Amino acid sequence: MNLQAPDSALVDDLVAANQILFDQGVLDAFGHVSARHDKDPSRFLLARNMAPGQVTAGDILQFAHDGTPLDAGDRRVYLERFIHGAIYRARPDVMAVVHSHSPSVVPFSVSRRAQLRPVCHMSGFLGAGAPLFEIRDTAGDASDLLVRDDRLGTALAASLGGASFVLMRGHGSTTVAPTLKLVVYRAVYAEVNAKLQMQALQLGEPEYLTDAEARAAMDSTEGQVERPWALWKEAARKRRGG
Ligand SMILES: [Zn+2]
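Residues numbered from 1 in each chain as written. Predicted model: local features only at pLDDT ≥ 70, side-chain atom pairs only at ≥ 80, totals over all residues. Heavy atoms only, no water.

## A short note on the nonpolar core
Next up, step 1: One finds L21, I87, L180 and V184 to be the most contacted residues of the largest nonpolar core, which totals 68 residues.
Next up, step 2: Element by element, the count of residues in this core is highest for helix 6 (residues 180-203), at ten residues.
Next up, step 3: If we skip the residues at most four places from it in the chain, L180 touches L10, D13, L14, A17, V33, S34, A35 and A96. (Core = buried A, V, L, I, M, F, W, Y, C linked by side-chain atoms within 4.5 Å. Buried < 20%, exposed > 50% of the residue type's maximum accessible area, 1.4 Å probe, protein only. Helix = DSSP H or I, 4+ residues; strand = E, 2+ residues; numbered from the N terminus. Contact = heavy atoms within 4.5 Å.)

Here's what the structure looks like:
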């Protein structure tokens, strides 16, 4: 198979994204982050099956949109890679995807009453809505809740629609963005927002950002994505003792 090598700077950023998301508590031993291939939009880059905090450049593999590994050899791949491929196929604007089980978000995936909504300017991207993926609608009532094939990935992408974030009932969430740095930012602040919203709910009825406020806040905060990226990358490097 004729595989084009991705830009090494993209691979380096994807490694950094793995380290940052572990360091910021968005990923633990599980969850993953991917990027669309910079030279072939029909492929995406994702680490082999391993803990994100330990990923290096040599662990980054190429996949087709249907989840087929293209250069894995005998290396194991993530069971839920179908999340990424189905979204890249459905959303040409998406260049990066994070799938996470971050703990403050999960309660919003199972609550019958509370909806995840932006409580502060840093999470304006949630103003476009946080739709819910109910895996039971596709997989029936005895699944393990994992997106383990392309059919389930396609159903998840349909639930995401045009939003930046989708809750996955009893499981976690998936975040998308037009750049790798932005998807890291959004995944971190989705977790922050969930924590803040739970605290606000304990105090009483929160006042959420309006749709227009969320859009305006998103435009101003996301234009500064280089600042948190540089800080978080340095913090992750120090943690590893590098
Ligand atoms: Zn998962």
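Next, the rest of the story.
## Looking at the pairing of strand 6 (residues 165-168)
Next up, step 1: Covered by surrounding structure in strand 6 are F165 and L167 together with V166 and M168, the residues of both alternating faces.
Next up, step 2: Across two bridges, strand 5 (residues 132-133) lies against strand 6 in parallel orientation. Looking at the pairing, F133 lines up with M168 of strand 6.
Next up, step 3: Across four bridges, the pairing between strand 6 and strand 7 (residues 172-177) is antiparallel. The residue bridging V166 from the neighbouring strand is T174, located in strand 7.
Next up, step 4: Linkage of strand 6 to strand 7, two consecutive antiparallel strands, is achieved through a turn of three residues, within which G170 is found at a positive phi near 65 degrees. (Pairing = 2+ DSSP bridges.)

## Description of the coordination of the zinc ion
Octahedral six-donor coordination of a metal ideally yields angles of 90 or 180 degrees, compared with 109.5 degrees for tetrahedral four-donor coordination.
Next up, step 1: Surrounding the zinc ion are the protein donor atoms E80 (OE), H99 (NE2), H101 (NE2) and H171 (NE2), which sit 2.0 to 2.2 Å from the metal.
Next up, step 2: Taken together, the four donor atoms coordinating the zinc ion span angles of 97 to 143 degrees at the metal, a pattern that classifies the geometry as irregular.
Next up, step 3: Positions of the donor residues of the zinc ion along the chain correspond to the pattern E-x18-H-x1-H-x69-H. Of this pair, E80 sits in the loop between strand 3 (60-64) and helix 2 (82-90) while H99 sits in strand 4 (residues 96-100); the two residues are 19 residues apart in sequence, bridging distant segments of the chain. H99 shares its class with E80; the two are buried. (Donors = N, O, S within 2.8 Å, 3.2 Å for Na, K, Ca; no water. Tetrahedral: all angles 85-135°; square planar, octahedral: opposite > 155°, others 65-115°.)

## A look at the packing of aromatic side chains
Next up, step 1: Applying the stated criterion to the full structure yields four aromatic pairs.
Next up, step 2: With a centroid separation of 4.9 Å and an interplanar angle of 40 degrees, the aromatic rings of Y185 and Y189 are classed as tilted. Taken together, the positions of Y185 and Y189, both in helix 6 and four residues apart, correspond to about one turn of that helix.
Next up, step 3: On the basis of relative accessibility, which here comes to 2%, the residue Y185 falls in the buried class.
Next up, step 4: By relative accessible area, which is 18% here, Y189 ends up buried.
Next up, step 5: Among the aromatic residues, those joined into a cluster by ring pairs are F44, F63 and Y88. (Phe/Tyr/Trp six-rings, centres within 6.5 Å; stacked < 30°, edge-to-face > 60°.)

## Comments concerning the packing of helix 6 against helix 8 (residues 226-239)
Next up, step 1: Where helix 6 contacts helix 8, the axes come no closer than 10 Å and their chain directions differ by 80 degrees. Judged on the interaxial angle alone, helix 8 and helix 6 are roughly perpendicular. Contacts between helix 6 and helix 8 pair K181, V184, Y185, V188 and Y189 from the former with E226, P228, W229 and W232 from the latter.
Next up, step 2: Residue classes in the contact of helix 6 with helix 8 are distributed as seven nonpolar, no polar and two charged. (Axes fitted to C-alpha atoms, helices over the stretch in contact; angles between N-to-C directions. Parallel < 35°, antiparallel > 145°, perpendicular 65-115°, else oblique. Nonpolar A, V, L, I, M, F, W, Y, C, P; charged D, E, K, R; others polar.)

## With respect to the side chain of Q197
Next up, step 1: Position of Q197 relative to the elements: it lies in helix 6.
Next up, step 2: A relative accessible area of 0% means that Q197 is categorised as buried.
Next up, step 3: Residues within four places of Q197 in sequence aside, it is in contact with F108, Q115, L116, R117, V119 and Y208.

## Things to note about the pairing of strand 3
Next up, step 1: Burial analysis of strand 3 places five of its five residues in the buried class, which makes it a mostly covered element.
Next up, step 2: Neither face of strand 3 is left uncovered, since the one carrying I60, Q62 and A64 and the one carrying L61 and F63 both have all their residues buried.
Next up, step 3: The pairing of strand 2 (residues 43-47) with strand 3 spans five bridges and is antiparallel. The partner of A47 across the bridge, within strand 3, is I60.

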